[in-house]
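# Close look at the chain arrangement
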Amino acid sequence: MKRRTFLMASAATAALLPVGVQAASHMSDDIAALYEKAQPEGEVTWYVVPMDSETAERCGQLFTSLYPGIKVNVVRSTATVAFQRLNQDLDTGVANCDVLTTSNIAHAEDLKGRDLLTGYSPIRKEEVLPAFQGIDPDDTYHVTTAGPMGIVYNTAEVSEADAPTNWPDLLDPKWKGKLAIGHPGFSGYVGIWAVKMRELYGWEFFEKLVDQEPYIGRSSIDVVTTTAAGETVVGAGPTTSALISAEKGNPMAMKAPTDGLVVITSPSCILKNAPHPEAAKLFLEFLMGTEIAELTAENFSTPIRGDVKVREGVVPLSEVKVITASKDQIISEVSETAEMFRDTFGI
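This text gives an overview of the structure that appears in the document. Being a predicted model, the structure only gives us computed values, none of them experimental.

What follows covers helix α9 (residues 220-228). Within α9, seven of the nine residues are buried, which leaves the element mostly enclosed by the surrounding structure. Looking only at α9, the buried set comprises S220, I221, V223, V224, T226, T227 and A228. Where α9 begins, the side chain of S219 points an oxygen toward the backbone nitrogen of I221, at a separation of 3.0 Å. Downstream of α9 by a residue or two, G230 has a phi angle that is positive, lying close to 85°.

This next bit is on unusual backbone geometry. Positive phi values are uncommon outside glycine, yet D139 reaches one of about 60°. Of note, D139 is situated in the loop between α6 (105-113) and β4 (141-154). Its identity is not glycine, yet E213 carries a phi of approximately 50°, on the positive side. In this fold, E213 is placed in the loop between α8 (204-210) and β6 (215-217). Given a relative accessible area of 52%, E213 falls into the exposed group.

Quick look at the packing of helix α4 (residues 53-66) against helix α12 (residues 290-298) now. Following both chains from N to C, one finds α4 and α12 inclined at 145°, their axes separated by 10 Å at the closest point. As for the relative orientation of α4 and α12, their crossing is right-handed in sense. Between α4 and α12, the residues in contact are T55, R58, C59, L62 and L66 and E291, I292, L295 and T296, respectively. Tallied by class, residues from the contact of α4 with α12 come to five nonpolar, two polar and two charged.

Definitions and limits used
- Residues numbered from 1 in each chain as written.
- Predicted model: local features only at pLDDT ≥ 70, side-chain atom pairs only at ≥ 80, totals over all residues.
- Heavy atoms only, no water.
- Buried < 20%, exposed > 50% of the residue type's maximum accessible area, 1.4 Å probe, protein only.
- Helix = DSSP H or I, 4+ residues; strand = E, 2+ residues; numbered from the N terminus.
- Polar contact = N/O pair within 3.5 Å; in protein donor to acceptor, adjacent residues only side chain to side chain.
- Axes fitted to C-alpha atoms, helices over the stretch in contact; angles between N-to-C directions.
- Left-handed = near helix turned anticlockwise from the far one by under 90°.
- Contact = heavy atoms within 4.5 Å.
- Nonpolar A, V, L, I, M, F, W, Y, C, P; charged D, E, K, R; others polar.

Have a look at this one:
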């Protein structure tokens, strides 16, 4: 039986069992105690950025199958839109969001600096890979996903041999008018990618990119959408979304650039005014757990846990050059880089 079929069958079977039996089957005593506190709250609202809407909804459904009686309200958007929406909630005194998962650590740091987050030390925090532990010494936010940005291309229009192999290859005149990128002013993924391109190649990289007349979407996922549709043929996009698109039959493929696959770590945090604080803690445990890692790995993600294998087709990070932005870079340079981008591209 395929893993996906097994998970669905297991969830359906679990739904028929008494709550106590379900708890005993997959919860430690600590998690079961947390579930008992969370169950009366009945729901949790999740503002989520670093995954597509379909995957986010599946994650929400999986949580409810594991913890019956707690519904997940999924609100998926780009990083800037999610942060703006959250700030509007806060400004008007409306408590909507329980858990925020953003692709921009600067957003979590900003909220922490304004004393708007609840400190919580997850039971599972030491179960994730060491590289993703301890991002915040005060435990107000924790890494829950890691996503690579690489080169994506349309296989019906571009052969593997002709596809760009490094980031400067996107500046080849043959891609003029056929190239897609996201906007660092809206997408956390693109913001961090832009910071690394600026570090590696200077702002000249983007000044040359203007001459390529690129299609510029808000989200990095827009790059995959336009490239799969043939509106563009190459781009800088999330490898996970590209592989999902390829599995659906679209002419999509990805390459890990020889000068570095950009890996973005995404933190999750619990709002201090969370209307469902116990459910929020349980949901954060879920985000760091095995079940969601297995589900998202089926969707070609890069697990943050060592006990979950990557799916065939996913390039193990140990086999390629990886470049990441430091926490200080993300906090101090993403906004500045986004403003420079607006000035250079006029949008």
